[in-house]
Structures are given as C-alpha cells and as structure tokens.
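Structural overview
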Amino acid sequence: ERKITCDGGGKFEIGNLNPGIKRVIARAPAYASSINPSVFLQEGKFVGPLSFKLQPGASISGKVSDSKVGPLAGVLIMAEPIRRSGDAMSGNFPPTKSQEDGSFVYEGLPQGAYALVCHKKGYLNTGTRKHAQTGQTDVEIVMEKNPLIRGRVIDIETGQPVTKFVVEMGRAEYQVFSSNRLQQRFEEESGQFDYMTDNPSGEIYLFAQAQGYAGGRSEKIQLAPQVDVEGVVIKMTKGAKVTGRIL
C-alpha cells in the first residue's frame, strides 16, 4: 500500500493509509526482514511508535539450469519459509534472479529452512520448488521447459496467411469457453506463431480467432515433456451470416 525510507536516525512515518489491519515490514540490504503482521488502524487516529530491530541476514546460493541446455538466466526466485510447529517465522522477501551463468544469491533471510520457488516464461507454470537451508552455497535447481508449438494461421478459402490473430489452447475438441490466461496474440505477415504451452504433456487443440472470421481449430496435438511441436496449421473460416430485424 505504501513504501517509505526512514531517515538517518531510523525514524519513519507512513501517512494516508486506509483504516484496517495492516502488515508493516522493515527491510534493509544484507539484513533479515522484520515484520509486524497486525497493526490496527482507525480513521483519524495515530498508531505508534512501532519498533523494529533488524538482525544480519543469512543467505542461500546456488545455480539454476535447464535440464537440456545448461545454465538458465533470468529465473525469478522467491523464498517461502518452511514453518514448523510453534515457529512464528513469517516471510515476505523480495525475489532475486539468476545471472547469465545461472548462479543466484538470495540474501537477507532469517535463519531457517525455505522452499525456493522458481518461475520463468516458457517453463512449468506451477513453478519449480527446491528446499534449502540458510548457509547453503551449492543449491542446484533444474527446470524443465514446456513444449513450444510452432505453426501458421491461414484463410481456408484463399490459403493466404491471416496476419493478426489470437491463439488459445484447449483440451476439448470444441471450444466451450475462452480463458484470457491461455490466450496469446500474434501479428505476423506470414501468419506464423510460436505458442508457449502451460502443459508439459497430453492431448490438446489450438483455437484461433481473428476479426472477420468465425474461427478455426488445429488437428489434435500430442504434447510430450520438453519436445517442441512444428508445422501446425490452423485454417480460418469466415463462417455464416445472420440478418434480421428486431421490432
């Protein structure tokens, strides 16, 4: 809701907050975050002073790689505390990213065990999880790439490419409803597309929509883990037209 920086003496003031229960988090580089999870604000009333004591943070480091091509850069890594019975440790830690050589250092963590959750476009959408302990320097995280489907969209009558269209994946042979999450938009003079799937395996269809067309569907596509699919063609039809008058 608000982010501020304290003065040289460590003092801070956060204003213009909506009433309710708030979580206040204090962070500094190389220090473990300190959290007050339940600050109750009432309209027009002052709350404080809150006090935070920051302790030097621990770190976890290692490397992220693609199971086939090696080191993986630009992977977003988040740390989720693994809570044990009676453990009050709470977490809301800024994510880090892997470097060009796949290496990463996650700093500013309280001592403890964490689940490192990794995300990168084109890889398993559920996120790759790896358990690690602060102080570890040799964490190895291996990610698997989702299949990529390459193909083109054409006009069924002329055989010419459709240049601006939306492609969406579905499990059923007929598209019952549409999902914005699965839609990918393309604008190519050749009508070509590279569709990133969010499923590592199984049978799917691709559906295309474009202005002036009723739509089109691919043949059944069989996905296999980390195997790209080439040469898919979606043929678009202009469809029927209904005219009438409403009185």
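Here, the structure is the one placed above.
Cut-offs applied
- Position numbers for residues start from 1 in each chain and track the written sequence from start to end.
- With pLDDT at 70 or above as the cut-off, local features in this predicted model cover only qualifying residues; side-chain atom pairs require 80 or more to be listed or tallied, and sums for whole chains, interfaces and linings still use all residues.
- For the side-chain quantities, the full set of heavy atoms in the structure was used; hydrogens and water were omitted.
- Helix and strand definitions follow DSSP, with helices as H or I runs of at least four residues and strands as E runs of at least two, each counted in order from the N terminus.
- Our radius of gyration is a C-alpha quantity, and the globule rule it is checked against amounts to 2.2 Å times the number of residues to the power 0.38.
- Any residue under 20% of the maximum accessible area for its type is buried, any over 50% is exposed, and the rest in between are partly exposed; the area is computed with a 1.4 Å probe on protein chains only.
- Between two residues, a contact is recorded if the distance between any of their heavy atoms is within 4.5 Å.
- Working definition of accessibility: Shrake-Rupley area with a 1.4 Å probe, residue cover restricted to the visible protein chains.
- Lys and Arg are tallied as positive, Asp and Glu as negative. Neither His nor the chain termini are counted.
- The atoms used to mark charge sites are NZ of Lys, CZ of Arg, CG of Asp and CD of Glu.
- Being paired, for any two strands, means DSSP has found at least two bridges between them.
- By convention in these notes, a salt bridge is any Lys or Arg side-chain nitrogen within 4 Å of a carboxyl oxygen on Asp or Glu.
- We call two N or O atoms a polar contact when they sit within 3.5 Å, provided that within protein one can donate a hydrogen and the other can accept it, with sequence-adjacent residues counted only if both atoms are side-chain atoms.
- Any Phe, Tyr or Trp ring, taking Trp's six-membered ring, that has another such ring centre within 6.5 Å forms a pair; planes under 30 degrees apart are called stacked, those over 60 apart edge-to-face, and the others tilted.

**What about the overall build of the protein chain?**
Along the backbone of the protein chain there are zero helices and 18 strands. By the compact-globule yardstick of 18 Å for 247 residues, the protein chain is too spread out, its C-alpha radius of gyration being 25 Å. The buried share of the protein chain, reckoned over its 247 residues, is 37%. In the protein chain, the share of contacts with a sequence separation of at least 24, taken over all contacts with a separation of at least 6, comes to 58%. Entry remark: accessible area of the protein chain is about 15,800 Å², with carbon and sulfur atoms responsible for 49%. Looking at the protein chain, you have 30 positive and 26 negative side-chain charges, and the mean spots of the two groups are 5 Å apart.

**Some thoughts on the sheet that holds strand β9 (residues 128–133)**
Ordered by their spatial adjacency, four strands build an open sheet running β6-β5-β8-β9, and the pairing between neighbours is antiparallel. Each edge of the open sheet is held by one strand with a lone partner, namely β6 (96–97) and β9.

**Regarding the side chain of E168**
Within the secondary structure, E168 is located in strand β12 (residues 164–170). The side chain of E168 is buried and forms no salt bridge, while R181, the nearest opposite charge, is found at 8.7 Å. Only 3.1 Å separates the side chain of E168 from the side chain of Q175, close enough to count as a polar contact.

**Considerations on unusual backbone geometry**
The phi dihedral of Q226 falls on the positive side, at around 65°, and the residue is not glycine. With respect to the secondary-structure elements, Q226 resides in the loop between β17 (221–223) and β18 (229–236). Q226 gets classed as buried once you look at its relative accessible area, which sits at 18%.

**A closer look at the pattern of salt bridges**
Evaluation of the coordinates by the stated rule reveals eight salt bridges. We note a salt bridge from R150 to D194, for which the minimum N-O separation is 3.7 Å. Of the two residues, R150 is situated in strand β11 (residues 148–155) and D194 in strand β14 (residues 192–196); the sequence distance between them amounts to 44 residues. Between E230 and R150 there is a salt bridge, with the nearest N and O atoms lying 2.8 Å from each other. With a gap of 80 residues between them, E230 in strand β18 and R150 in strand β11 connect regions that are remote in the sequence.

**Digging into the packing of aromatic side chains**
Enumeration over the complete set of coordinates arrives at four aromatic pairs. Where F12 meets F52, the ring centres are 6.2 Å apart and the plane angle is 45°; that geometry is what we call tilted. Residue F12 is found in the segment before β1 (20–26), and its partner F52 is found in the loop between β2 (34–41) and β3 (58–66); the two are separated by 40 residues along the sequence. Judged by relative accessible area, F52 falls into the partly exposed class, the value being 22%. Consider the rings of F165 and F186, whose centres lie 5.7 Å apart with planes at 25°: the pair is stacked. With F165 in strand β12 and F186 in strand β13 (residues 183–187), the pair connects residues that are 21 residues apart, well separated along the chain. A relative accessible area of 3% places F165 in the buried class. The buried category is assigned to F186, whose relative accessible area is 15%. Linked through ring pairs, F165, F186 and F193 together constitute an aromatic cluster.

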